[in-house]
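Descriptive structure summary
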Amino acid sequence: MAAIGFTAAAPLAGFSSVAYAAETVRAEIGKPLQEAQKLAAAGKNKEALAKLKETDSVGGKSANETYLIERTRASAAAAAGDNDAAAKAFESVINSGKLSAAEQPKFTQALAGIYYRAKDYPKAITWIQRALKDNPNDTQMHDLLIQTYYISGKYAEAAKELSSAKGASEQNLQMLANIQLKQNDKAGYVQTLEKLAGSYPKTSYWADLLNRVSGKPGFSPTLSLDVLRLRLVNGLLSKPSEYMEMAQLSLQAGNPAEAIKIIDQGYKKGILGTGADAPRHQRLKDLAAKTQTEFDAKAATEEAEAVKAKDADALANLGYGLVSAGKADKGLALMDQAVKLGTGRNPEAIKLHYGIAQSIAGKKAPALATLKTVKGTDGTADLARYWTLNINHPM
């Protein structure tokens, strides 16, 4: 994770003698102090720090003199990269009680940044928390607290902050996912991965998500085609064997129109139709076309039989095939009957397929409403949730 940058010296620009005109400053303090400020303004911060040492031997300093010396030292030390000197000076300035209400949080934030860069994470956490106490809505400080927890190995604390964050950034979600992996929190990791895939869709997130759902205990092999459907729409199919497998599963499901589309896409991308297996690809393409012809010829008869028998599975399969063939209204009507019957081998899978088909037909709102109703512990509910993510945030 990239570090969050802080310019500690930014709120500490050098100041002239008018900065301390309100209170008397002795000459033995004022002269080296002004010279140090001029050196710092010229970018000669190490020389400025050396000049300030002349004031260290002066005894009986007033609170104002100490404040002005340490404020100048804080700015010069931060700019010079002397974290130890800067941290001590910052703490002195912050604890002086002389900072205005507007300046106080800037100095507190800067000190937190100094300790962070110095890798003194316990002190960085202390000062970040102090800054957040003054301004709970400071997102930069909140992000730095999370990052500091993470870098210092305080994973539980980092995870708690990340989990409670609203509108988490991609970087923060990645960090949470890494923590959950380290803690072997598989369920939490998948939840975070879903947020990443939904809000920041990338092939890497989708690949991990779909691999995990397929390997989940209790996942039904009958949903393999549905996983491949999600892999296809998210650009995750790249091998001839994957296109061949998906097309064959579509044919087995009674959906030749879908098989034809898959094969055509494989040919268009140059994945199918080339190499030593080109004849096999052609045979599958011919089979899909032949099966579609047979599907069209038998559709009316099969519909009548399925309606008469109130066969939910047959209605759902035929309906999906019709939607894939471009006959959305007729196909969705059959699938709607299948859902209402609720008597299929897997009613939840029928609802899942109905939602996917509605999405294919361009009916986004009804699709989302249908997918929201899908339950089941065999992977149907997971896939319905993933289709919802995909519909709302397509690749």
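Note that this is a predicted model, so its numbers are computed, not measured.

1. Examining the layout of surface pockets
Estimated volume of the largest pocket: approximately 520 Å³. Lining the largest pocket are 21 residues; nearest its centre among them are Thr-222, Ala-253, Asn-317, Arg-345 and His-353. Secondary structure elements with two or more residues in the lining of the largest pocket: helix H12 (224–233), helix H13 (240–252), helix H16 (312–324) and helix H18 (347–360). Grouping the constituent residues of the lining of the largest pocket by class yields 10 nonpolar, 7 polar and 4 charged. Considering only enclosed or pocket space, the second largest pocket measures out at about 310 Å³ in volume. Taken together, 13 residues form the lining of the second largest pocket, with Lys-186, Ala-187, Val-190, Arg-212 and Lys-216 sitting closest to its centre. Those elements that provide at least two residues to the lining of the second largest pocket are helix H10 (186–199), helix H11 (203–214) and helix H20 (380–392). With 5 residues, H10 is the single largest residue contributor to the lining of the second largest pocket. Here the residues of the lining of the second largest pocket sort into 5 nonpolar, 2 polar and 6 charged.

2. Remarks on the UniProt feature "repeat: TPR" (unreviewed entry) in the protein chain
Per the UniProt record, the feature "repeat: TPR" (unreviewed entry) sits at residues 105–138. Secondary structure over residues 105–138 splits into 79% helix and 0% strand, and the C-alpha atoms at its two ends are 10 Å apart.

3. With respect to the pattern of salt bridges
Under the counting rule described, the total for this entry stands at 21 salt bridges. The closest approach of N and O atoms between Glu-303 and Lys-330, which form a salt bridge, is 3.1 Å. Taken together, the positions of Glu-303 in helix H15 (residues 278–309) and Lys-330 in helix H17 (residues 328–341) put the pair 27 residues apart, joining distant regions of the chain. On the basis of relative accessible area, Glu-303 is assigned to the buried category, the value being 19%. In this structure Lys-330 comes out as partly exposed when scored by relative accessible area, which is 44%. Connected through salt bridges with shared partners, the residues Glu-194, Lys-216, Asp-382 and Arg-385 form a single ionic network.

4. Here's the deal with the confidence of the model for the protein chain
Residue-level pLDDT values for the protein chain average 90, and 94% of them are 70 or greater. Here helix H8 (residues 155–164) stands out as the least confident element of the protein chain, with mean pLDDT 89; helix H19 (residues 364–372) is the most confident, with 98. Note that residues 1–22 has pLDDT below 50 and, in this model, 48 contacts with residues that lie over four places away or in other chains.

Rules behind the numbers
- Sequence order as written defines the numbering, with residues in each chain counted from 1.
- Given that this is a predicted model, residues contribute local features only at a pLDDT of at least 70 and side-chain atom pairs are listed and counted only at 80 or more, while totals for whole chains, interfaces and linings are drawn from all residues.
- Each side-chain value is worked out from all heavy atoms of the structure, with water and hydrogens disregarded.
- Throughout, the protein atoms alone are placed on a 1 Å grid, and a set of points is a cavity if a 1.4 Å probe fits but cannot get out or a pocket if it is open with protein on both sides within 12 Å along at least five of seven lines; lining residues have an atom within 4 Å of a point.
- Grid points are joined across faces, edges and corners, and a volume is the space filled by probe spheres set on the points.
- Working definition: helices are DSSP H or I runs of at least four residues, strands are E runs of at least two. Numbering for both runs from the N terminus.
- Three classes are used, and their members are as follows: Ala, Val, Leu, Ile, Met, Phe, Trp, Tyr, Cys and Pro are nonpolar, Asp, Glu, Lys and Arg are charged, and the others, Gly among them, are polar.
- UniProt positions are given in the numbering used here, feature names are shortened, and annotations may be inferred rather than shown by experiment.
- Salt bridges are identified by distance alone: a Lys or Arg side-chain nitrogen within 4 Å of an Asp or Glu carboxyl oxygen.
- Relative accessibility decides the category of a residue: with a 1.4 Å probe and only protein chains considered, values under 20% of the type maximum give buried, values over 50% give exposed, and everything between is partly exposed.
- On a scale of 0 to 100, pLDDT captures the predictor's confidence in every residue.
- In this analysis, two residues are considered to be in contact whenever any of their non-hydrogen atoms come within 4.5 Å of each other.

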